[in-house]
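Fold and geometry: a report
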Amino acid sequence: MKWEDEALKLADVVPVPPPMIFLVKLDAERRAMAKKMDTVTPEIVRMTESGYRKTFGKEATEMVQAMLRGDDVNLPEEFFEGDEGELYKIEICPAKFGACTPDKRKMISDILVPLRKKVKELDLTRVVIESVRTPLMSHHVFRFSIIGCSNCCMSPYSSDFGIISLYKPGVKSDGCIKCKACLVPCIERAIDLENDDPLIDYNQCMMCGGCKTACMKDIIQTIEKGYKVVVGGTGSRHPRIAVTAAEFTDVQGVLSVIEKGIALFREKTRDKEMSFHEVIETYGVESLKSQA
Ligand code: SF4
Ligand code: SF4
Ligand code: SF4
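Keep in mind that what you see is a predicted model, and the values were worked out from it rather than measured. (Residues numbered from 1 in each chain as written. Chains lettered and ligands numbered in written order. Predicted model: local features only at pLDDT ≥ 70, side-chain atom pairs only at ≥ 80, totals over all residues.)

**Considering the site of ligand 3**
The environment of ligand 3 is made up of 14 residues, and the closest members are Cys186, Cys205, Cys208, Gly210 and Cys211. Of the residues that constitute the shell around ligand 3, the class distribution is eleven nonpolar, two polar and one charged. (Near = placed C-beta within 6 Å. Nonpolar A, V, L, I, M, F, W, Y, C, P; charged D, E, K, R; others polar.)

**Observations concerning the packing of helix H5 (residues 124-131) against helix H7 (residues 251-268)**
Contact geometry of H5 with H7 gives a least axis separation of 9 Å together with a crossing angle of 25 degrees. Between H5 and H7, the angle falls in the class roughly parallel. H5 and H7 meet at a crossing whose hand is left-handed. Facing Leu124, Val127 and Ser131 of H5, the residues of H7 in contact are Ile262, Phe265 and Arg266. Residues of the contact of H5 with H7, tallied by class, amount to four nonpolar, one polar and one charged. (Axes fitted to C-alpha atoms, helices over the stretch in contact; angles between N-to-C directions. Helix = DSSP H or I, 4+ residues; strand = E, 2+ residues; numbered from the N terminus. Parallel < 35°, antiparallel > 145°, perpendicular 65-115°, else oblique. Left-handed = near helix turned anticlockwise from the far one by under 90°. Contact = placed C-beta atoms within 7 Å.)

**As for helix H2 (residues 21-34)**
Helical geometry note: an α-helix holds 3.6 residues per turn, so side chains three or four residues apart project in the same direction. The end-to-end C-alpha distance of H2, which contains 14 residues, comes to 21 Å, matching closely the 20 Å that a straight helix rising 1.5 Å per residue would cover. Inspection of H2 places Val24, Asp27, Ala28 and Ala32 among the buried residues, and these make up the whole buried set. Angularly, the buried residues of H2 cover 140 degrees about the axis, an arc narrow enough to put them on a single face. Across H2 from its buried face, at more than 90 degrees, point the exposed residues Phe22, Leu26 and Ala34. Taken together, the buried residues of H2 touch helix H1 (5-11), strand S2 (39-40) and helix H3 (42-69). Downstream of H2 by a residue or two, lysine 36 has a phi angle that is positive, lying close to 60 degrees. (Expected span 1.5 Å × (residues − 1). Buried ≥ 20, exposed ≤ 12 C-beta atoms within 10 Å, placed from the backbone. Arc of directions from axis to C-beta.)

**Notes on the sheet that holds strand S4 (residues 142-147)**
Across the sheet, which stays open at both edges, the five strands sit in the order S3-S4-S5-S8-S9 with mixed pairing between neighbours. Because the sheet does not close on itself, it has two edges, and the strands there are strand S3 (88-92) and strand S9 (243-249). Each strand of the sheet is rotated relative to its neighbour by a mean of 20 degrees, with strand direction disregarded. Packed onto the sheet, helix H4 (residues 102-121) meets S3, S4, strand S5 (161-171) and strand S8 (220-231) and runs at close to 175 degrees relative to S3. Each of S5, S8 and S9 touches H7; the most contacted strand, S9, lies at about 155 degrees to it. (Pairing = 2+ DSSP bridges.)

**Brief notes about the nonpolar core**
Ile146, Ile163, Val229, Val231 and Val254 are the most contacted members of the largest nonpolar core, which totals 61 residues. Taken domain by domain, this core gets at least three of its residues from each of domain 1 (2-69) and domain 2 (77-290). Of all hydrophobic cores here, the second largest spans nine residues; its members include Cys182, Cys186, Cys211 and Ile219. (Core = buried A, V, L, I, M, F, W, Y, C linked by C-beta atoms within 7 Å. Domains from an automatic or database assignment.)

**Things to note about unusual backbone geometry**
The backbone of aspartate 174 shows a phi angle near 70 degrees, a positive value even though the residue is not glycine. Looking at where aspartate 174 falls in the secondary structure, it is placed in the loop between S5 and strand S6 (191-192).

**Comments concerning the domain arrangement of the chain**
On domain assignment, one finds that the chain holds domain 1 (2-69) and domain 2 (77-290). The C-alpha-based centres of domain 1 and domain 2 are spaced at 30 Å. Between domain 1 and domain 2, the contact holds ten residues from the first and seven residues from the second. Each residue belonging to the side of domain 1 that touches domain 2 can be placed in one class, and the counts come to eight nonpolar, one polar and one charged.

Written as structure tokens, this is what we have:
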């Protein structure tokens, strides 16, 4: 695919979070290919930019633009702390780079700090060392994934512990103008606008918070926040999807699942080396649930 010089310049300043910058040029090429063009033009890049602006929304786009200008955007410092020298790694979804809303970053922040404290307190690195009988390798490193919403842009389901933030939507009576903006992010089709007030089907709703962000009239609001905790996932030789240990819990509930999970891991690896996902596969998740 060829590029016009002006198109290249424009692509460099499309406001997306740093890990997504490489996607901008590929998306522009995708759009050019769809139009059977062999050259990316400035017009194509403008369409690409418009697509990302719509997807991220005004708030996140402005935040990313400020970051690209080098302004201080007050992202929580703890998002960028590492776990060097430890046998665990805490990963955060792309919201850490300013994508998405402050609500989502707050949910991440609220669990991140106590989680780091808890794994230090439990001395997880030492627990892992004691469980291993072979040379320490990268697959021994415990993986925690903290996710800002159920869109799960970075999958928590292949981690040892995945923590997913949830936002239960509620409807304020009167005032819905039937603009349908809330239907756009609701891939689950959980919102019914047939009656005077919108109706949410909680059997379909994944509590992603998208409708609340989309509703400019504040008719849809978040009435409760919580975390889902999934455990025992791996993307290794025998892949396994993490299973649910808590559906909608608070910070203490998350920490309780983690504490019980690590205690189970310690107990079951006393005489035999097993990875955490093998422990969960063999002994189940019930003891973590009941005590959460
Ligand atoms: S998982 Fe949710 S909060 Fe995180 S980057 Fe994706 S949409 Fe944003
Ligand atoms: S976005 Fe808000 S105002 Fe528009 S249809 Fe949905 S609930 Fe009604
Ligand atoms: S929270 Fe997400 S899944 Fe639930 S109704 Fe709103 S947009 Fe749909």
